[in-house]
Amino acid sequence: MTIQHVGIIGAGTMGNGIAQACAVAGLPVTMVDISDAAVQKGVATIAGSLDRLIKKDKLTAADKDAALARITTSTDYAALGTADIVIEAATENFDLKVKILKQLEGAVKDGAILASNTSSISITKLAAVVANPDRFIGMHFFNPVPLMALVELIRGLQTSDETHARVDALARQLGKSPITVKNAPGFVVNRILVPMINEAFFVLAENLASPEEIDEGMKLGCNHPIGPLALADMIGLDVCLSVMNVYFEEFADSKYRPCPLLKEMVAAGYLGRKTGRGVYTY
């Protein structure tokens, strides 16, 4: 059965990016967050993103209007009652995600798929808290969602073949290129990426080079489009730290120890672009 209506929990960076991708692809979207201010900020972010695509001649003004018209917002989970899939895109916190998933179960229709955009938390553990774990899957988008082609589809032990097939088809309908991975901390991309970012913080803490030189070295030496420290600022230093903490706990391996400098910067509130200051100042 084709997915025709997408629900999204969270209107922040990832949530509004997913909403935009779905709406541009022609799908009705319901985006839910805890306050009217949060959802309106999410819609404003989408409008600004669409305007940038218009300036690059990748979209028309009519396309923008049509996409925005497909997006409805609410602060009530009951608004998700007709969604074929609900994608949770809340903060990377296990207890919070469990709370949301349990609240969703009373709001969604029979047969609806529940998905999480988590970048590191076990899909098997999350699936275990819902009534129909066979209809639960990880659908990990990458930031910025409208521009990044990759979606990781993470199967928990309980995820059914039908659920995987439907979500794979949805990802392709959005113009994405999905890869299917087994459930493990960090899955594939972040399992490699975030420890690299963490190591860049160790290099910075040891004063081996300036932030600019570290990033320039990785861009020119490894052909990365953005350096690891600038990327950390884009992702959010708090998110990077949360992911490293998950690895450290799950693997019990010292190679995943979060860099003390990363921990200190998060404690100071230097979280990156979203706070105006991280490794760099914005």
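Everything numeric in this text was worked out from a predicted model, so none of it was measured.

The rules behind these values
- Residues numbered from 1 in each chain as written.
- Predicted model: local features only at pLDDT ≥ 70, side-chain atom pairs only at ≥ 80, totals over all residues.
- Heavy atoms only, no water.
- Axes fitted to C-alpha atoms, helices over the stretch in contact; angles between N-to-C directions.
- Helix = DSSP H or I, 4+ residues; strand = E, 2+ residues; numbered from the N terminus.
- Parallel < 35°, antiparallel > 145°, perpendicular 65-115°, else oblique.
- Left-handed = near helix turned anticlockwise from the far one by under 90°.
- Contact = heavy atoms within 4.5 Å.
- Nonpolar A, V, L, I, M, F, W, Y, C, P; charged D, E, K, R; others polar.
- Salt bridge = Lys/Arg side-chain N within 4 Å of Asp/Glu carboxyl O.
- Buried < 20%, exposed > 50% of the residue type's maximum accessible area, 1.4 Å probe, protein only.
- Pairing = 2+ DSSP bridges.
- Phe/Tyr/Trp six-rings, centres within 6.5 Å; stacked < 30°, edge-to-face > 60°.
- Lys NZ or Arg CZ within 6 Å of the ring centre and 35° of its normal.
- Expected span 1.5 Å × (residues − 1).
- Domains from an automatic or database assignment.
- Buried area = accessible area lost by both parts, 1.4 Å probe.
- Core = buried A, V, L, I, M, F, W, Y, C linked by side-chain atoms within 4.5 Å.

## A short note on the packing of helix α1 (residues 13-24) against helix α2 (residues 36-55)
Move 1: Close contact between α1 and α2 brings their axes to 9 Å; oriented N to C, the two are set at 55 degrees. Judged by the inter-axis angle, α1 sits oblique to α2. Here α1 and α2 pass one another in a crossing that is right-handed. Along its contact with α1, which presents N16, A19, Q20 and V24, the element α2 presents G42, T45, I46, S49, L50 and L53.
Move 2: Taken together, the residues of the contact of α1 with α2 break down into 5 nonpolar, 5 polar and no charged.

## Brief notes about the pattern of salt bridges
Two side chains carrying opposite charge are able to pair once their charged atoms lie near each other.
Move 1: Under the definition given, this model contains 8 salt bridges.
Move 2: Across the pair D84 and K109 runs a salt bridge, and its minimum N-O distance is 2.6 Å. On the criterion of sequence distance, the pair formed by D84 in the loop between β3 (71-74) and β4 (85-88) and K109 in the loop between α4 (94-105) and β5 (113-116) is long-range, its members being 25 residues apart.
Move 3: We classify D84 as buried; its relative accessible area is 6%.

## A short note on the sheet that holds β3
Move 1: The 8 strands lie next to each other as β3-β2-β1-β4-β5-β6-β7-β8, forming an open sheet whose pairing is mixed. Lying at the two open borders of the sheet, with one neighbouring strand each, are β3 and β8 (177-182). In this sheet, adjacent strand axes meet at a mean angle of 25 degrees when their direction is disregarded.
Move 2: In the sheet, β5 pairs with strand β6 (residues 136-141) via 3 bridges, with the strands oriented parallel. Note that in β6 the partner of L114 across the bridge is F136.

## Remarks on the packing of aromatic side chains
Move 1: Counted according to the given criterion, the structure contains 3 aromatic pairs.
Move 2: Residues F251 and Y256 carry aromatic rings whose centres are separated by 5.0 Å and whose planes lie at 25 degrees to one another, so their mutual orientation is stacked.
Move 3: Taken together, the ring pairs in this structure connect Y247, F251 and Y256 into an aromatic cluster.
Move 4: The ring centre of F94 lies 4.9 Å from the NZ or CZ of K125, which sits over that ring.
Move 5: R277 extends its terminal NZ or CZ atom over the ring of Y270, reaching a point 4.0 Å from the ring centre.

## Observations concerning helix α10 (residues 237-251)
Move 1: Taking 1.5 Å as the rise per residue, α10 with 15 residues should run 21 Å; its terminal C-alpha atoms sit 21 Å apart, in good agreement.
Move 2: Along α10, the residues that are buried comprise L237, C240, L241, V243, M244, V246 and Y247.
Move 3: Residues of α10 that are buried sit in contact with α7 (189-205), α9 (228-235) and α11 (260-267).
Move 4: Immediately downstream of α10, the backbone of A252 shows phi near 50 degrees, a positive value.

## Describing the domain arrangement of the protein chain
Move 1: On domain assignment, one finds that the protein chain holds domain 1 (6-182) and domain 2 (191-275).
Move 2: For domain 1 versus domain 2, the separation of C-alpha centres amounts to 26 Å.
Move 3: Opposite the 5 residues of domain 1 that make contact, domain 2 presents 6 residues.
Move 4: Here domain 1 packs against domain 2, burying approximately 430 Å² in sum over the two surfaces, 59% of which is carbon and sulfur.

## A short note on the environment of I197
Move 1: Turning to its location among the elements, I197 is positioned in helix α7.
Move 2: Note on I197: relative accessible area 0%, which makes it buried.
Move 3: Sequence spacing of I197 and V39 is 158 residues, and the spatial spacing of their C-alpha atoms is 31 Å.
Move 4: Those residues in contact with I197 that sit more than four places away from it in its chain are P228, L231, A232, I235 and C240.

## Examining the nonpolar core
Move 1: In this structure, V6, I18, I85, I87, M139, F141 and L170 are the most contacted members of the largest nonpolar core, which totals 35 residues.
Move 2: By residue number, the principal contributor to this core is α1, which donates 6 residues.
Move 3: Once residues within four sequence positions are removed from consideration, I87 is found in contact with V6, G7, I8, I9, I18, A115, N117, M139 and F141.

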